[in-house]
Amino acid sequence: MAGVGGRAARATPEAQRAAVMLHTDAGITLLSASATSLGLLHFTTASRIVNAMRSGRGDQLFERRWLAFVATVYTANGRLGDADRMIRDALSWYSSEPLLYVARGALVEMRIAMTFVDLRSGNQIARRDRAYDAAAADYRRAIGLDDRLAIAHLRVGWLHFTTHDPRARENFDAALTRATEVRDRYLVQLFLGAAAERDGRLDEAERAYSAAQTLAPGCQTPYIALARVGHALGRAAQAAASAAAFTALPEKSNDPWWDFHLGGFDHVSLAWLHAQAQAP
Amino acid sequence: MIRTIAIAAAIAAAQAAQTPPAVFRSGIEVVEIDVSVTRGGLPVPGLTARDFAVADNGVAQEVESVTLDRLPLSVTLLLDTSASVAGDRLAHLAQAGEGLVDALRPDDRASLITFSHLVDLRVPMTGDKAAVRAALHAMSGSGATALRDAVELALSLQPHDRTRPLILIFTDGADTTSWLSEDAVVDTARRVGVVVHAVRVESDRFLDRLADSSGGRTWSATSDRQLRELFTSALDEMRARYLLTYTPKGVARAGWHELKVRLRSGRADVTARPGYFVGAASPSGSSRPR
């Protein structure tokens, strides 16, 4: 595939985008089937085409978003080194692309999650907290570049929530007013539910989880969360009904919480990239 | 979701018949407690109500009845089918589940719930053991692990009938994708009052807490071949339990009731759930401080 870059440079932009997405889809499928080497080969090929596209003009939105997206694919598959390299290269070309900072923040969070922290060690805790600060700084930078980016508000809000930082609530509220994608509206309702639940406002938590369930009725998490709230309220029958409703679903959907939690695989960007590749 | 098996595994590595044992019928009248009594690891047979001393929130209670192994069991098999289980381990797991089903009595029932990141009720509670066997052999392994969420679902689905419920968990790794926190699920377990036994491959603080809060036990499997034996041991342990009943006297109705159960005389290991809830909302155990 040595000549891919040269041939790609001579192709039309439409053909370039289509080729990139064909290789991207193949790479995702193969990675998720644990055919790692083959999957990475497709991403490398797609990357060469994108590099060829970078010499073109315009805002290069497709190229920027593709680079940020693939970084989330690598992160979600535990290819943290590959994700790191991709983000560094991409930021050297597009230093004002907010999604690249979101991807870097998620990468930092995954590094923390994969590192054992001895909670008796002050040094280790301090190191972890500094890493959290770095992730939060990336999310804030993304917001600084594009305040409308709901996913950045969500990620910094969740980080604040997990570290018991009171700014979480304002982050969630900001995400709520900016979220247009179903994924983001769903996640913000889950997180508002979590915040209310932690504060003991169980009725409010129930409303938020129900709102999440309405947005994504095939997703698992709201049913589990509502069952738990039912138990906490002493309403076992309500908890049982929520669990039974989940088991009775004819079809379950991919839950955005899983992707958010495990490195941020960005389905929204994937859908956008596909749409761009199919556009005339 | 692109699956994230590698990252989930890495996170895991880093983290290293009614009888809810306590049940109130029509208001608050009778409490039932599943109690295991062993000496030297073996069940102690032949005990009567006079042998047990029960304190409810520190107030001594009169044990009214003690039964052993009279009621049928409702066993929920809650099995990890994440990617780490795929292959030989899954085959051994299916065999272990089949061994447990074979050991059930005609009036016992079983259900099967599997979990990766997705929790799946494969077979609702049924007396049709063939259905459970078939589902066990149809299992496949993939995905991440949502153990805590799966336990919450299993606890919420427990039957309310005249059988003794038991949840038997198998997992070989740490939770990677659950929404719920440990505290939340342990709180639910305390409220629901179902005995939870767990067979695990690696030590797991959550499973230890869960078993303690439900009056259950954990077993460590040192090899996959051991699974069948351990599953049967868990069932035998349940059958050897006494079911104590008493009518609470001298204690406030609502809230958390701390239970202490011991033998009036003689030495033995007595295991029972640490208490039960009545009525009020949770004082602790928010689902998500992590």
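Keep in mind the model is a prediction, meaning the values are calculated, not measured.

Caption draft 1: Focus on the overall build of chain B. Counting its secondary structure elements, chain B contains 7 helices and 15 strands. Across the 290 residues of chain B, 51% fall into the buried class.

Caption draft 2: Quick look at the overall build of chain A. Of regular secondary structure, chain A possesses 15 helices and 0 strands. Its C-alpha radius of gyration of 20 Å places chain A within 12% of the 19 Å reference for a compact globule of 280 residues. Taken across its 280 residues, chain A has 51% of its residues classed as buried. In chain A, 57% of the contacts between residues at least 6 apart in sequence involve partners at least 24 apart.

Caption draft 3: Representation of the sheet that holds strand β11 (residues 218-220) of chain B. Residues and elements named next belong to chain B. With mixed pairing, 6 strands are arranged side by side in an open sheet as β8-β7-β6-β9-β10-β11. Strands at the two margins of the open sheet, each flanked by one partner only, are β8 (119-126) and β11. Each strand axis lies, on average, 15° off the axis of its neighbour in the sheet, ignoring direction. Bridge count between strand β10 (residues 195-200) and β11: 3 bridges; the pairing is parallel. Note on β11: the bridge partner recorded for Ala 198 is Thr 218.

Caption draft 4: Representation of the sheet that holds strand β13 (residues 255-263) of chain B within the structure. Residues and elements named next belong to chain B. Reading across the sheet, the 4 strands line up as β4-β3-β13-β15 and stay open at both edges, with antiparallel pairing between neighbours. Each of the sheet's edge strands pairs with one partner strand only, and the pair in question is β4 (59-61) and β15 (275-278). Across the sheet, the axes of successive neighbouring strands diverge by a mean angle of 30°, strand direction being ignored. Pairing analysis gives 3 bridges linking strand β3 (residues 52-56) to β4, with the strands arranged antiparallel.

Caption draft 5: Highlighting unusual backbone geometry. Residue and element names in this part refer to chain A. Notably, Ser 34 is not glycine yet its phi reads approximately 65°, a positive angle. Position of Ser 34 relative to the elements: it lies in the loop between α2 (13-32) and α3 (36-54). Although it is not a glycine, His 164 sits at a positive phi angle of roughly 60°. With respect to the helices and strands, the residue His 164 is situated in the loop between α8 (150-162) and α9 (168-178).

Caption draft 6: Looking closely at the nonpolar core. With 149 residues, the main nonpolar core has A:Phe191, B:Leu78, B:Ala150, B:Leu153 and B:Leu210 as its most contacted residues. The biggest single contributor to this core is helix α4 (residues 61-76) of chain A, with 10 residues. Non-local contacts of B:Leu153, meaning those with residues more than four positions away in its chain, are made with A:Ile224, A:Ala227, A:Ala243, A:Phe246, B:Ile113 and B:Val119. Judged by nonpolar contacts, the second largest core, of 14 residues, contains B:Val31, B:Val35, B:Leu244 and B:Ala272.

Caption draft 7: Structural view of the pairing of β10(B). Residue and element names in this part refer to chain B. Among the 6 residues of β10, 6 are classified as buried, and the element is accordingly described as predominantly covered. Covered by surrounding structure in β10 are Val 195, His 197 and Val 199 together with Val 196, Ala 198 and Arg 200, the residues of both alternating faces. Strand direction decides the pairing type here: strand β9 (residues 164-171) and β10, joined by 6 bridges, are parallel. Bridge pairing in β10 links Ile 169 to Ala 198. Handedness of the β-α-β unit built from β9, helix α5 (residues 182-192) and β10 comes out right-handed. In terms of handedness, the path from β10 via helix α6 (residues 205-214) over to β11 forms a crossover that is right-handed.

Caption draft 8: Inspection of the pairing of β8(B) at higher detail. All names here are of chain B. In this sheet, β8 lies alongside strand β7 (residues 109-115) in antiparallel orientation, the contact comprising 5 bridges. Across the sheet, the residue bridging to Phe 115 is Val 119, located in β8. Linking β7 back to β8 in an antiparallel pair, the connection comprises 3 residues.

Caption draft 9: Local environment of the environment of B:Arg225. All names here are of chain B. With respect to the helices and strands, the residue Arg 225 is situated in the loop between β11 and α7 (227-239). For Arg 225, a count of 12 C-beta atoms within 10 Å gives the class exposed. It is 9.3 Å that separates the C-alpha atoms of Arg 225 and Gln 95, two residues lying 130 residues apart in sequence.

Caption draft 10: Spatial organisation of the confidence of the model for chain A. Predicted confidence across chain A gives a mean pLDDT of 92, with 96% of residues reaching 70 or more. Per-residue pLDDT, averaged within each element of chain A, yields its smallest value for helix α1 (residues 4-10) of chain A (69) and its largest for helix α11 (residues 202-215) of chain A (98).

What counts, and where the lines are drawn
- Residues numbered from 1 in each chain as written.
- Chains lettered and ligands numbered in written order.
- Predicted model: local features only at pLDDT ≥ 70, side-chain atom pairs only at ≥ 80, totals over all residues.
- Helix = DSSP H or I, 4+ residues; strand = E, 2+ residues; numbered from the N terminus.
- Buried ≥ 20, exposed ≤ 12 C-beta atoms within 10 Å, placed from the backbone.
- Rg over C-alpha atoms; globule rule 2.2 N^0.38 Å.
- Contact = placed C-beta atoms within 7 Å.
- Pairing = 2+ DSSP bridges.
- Axes fitted to C-alpha atoms, helices over the stretch in contact; angles between N-to-C directions.
- Core = buried A, V, L, I, M, F, W, Y, C linked by C-beta atoms within 7 Å.
- Right-handed = clockwise from strand over helix to strand, strands pointing away.
- pLDDT = per-residue confidence, 0-100.

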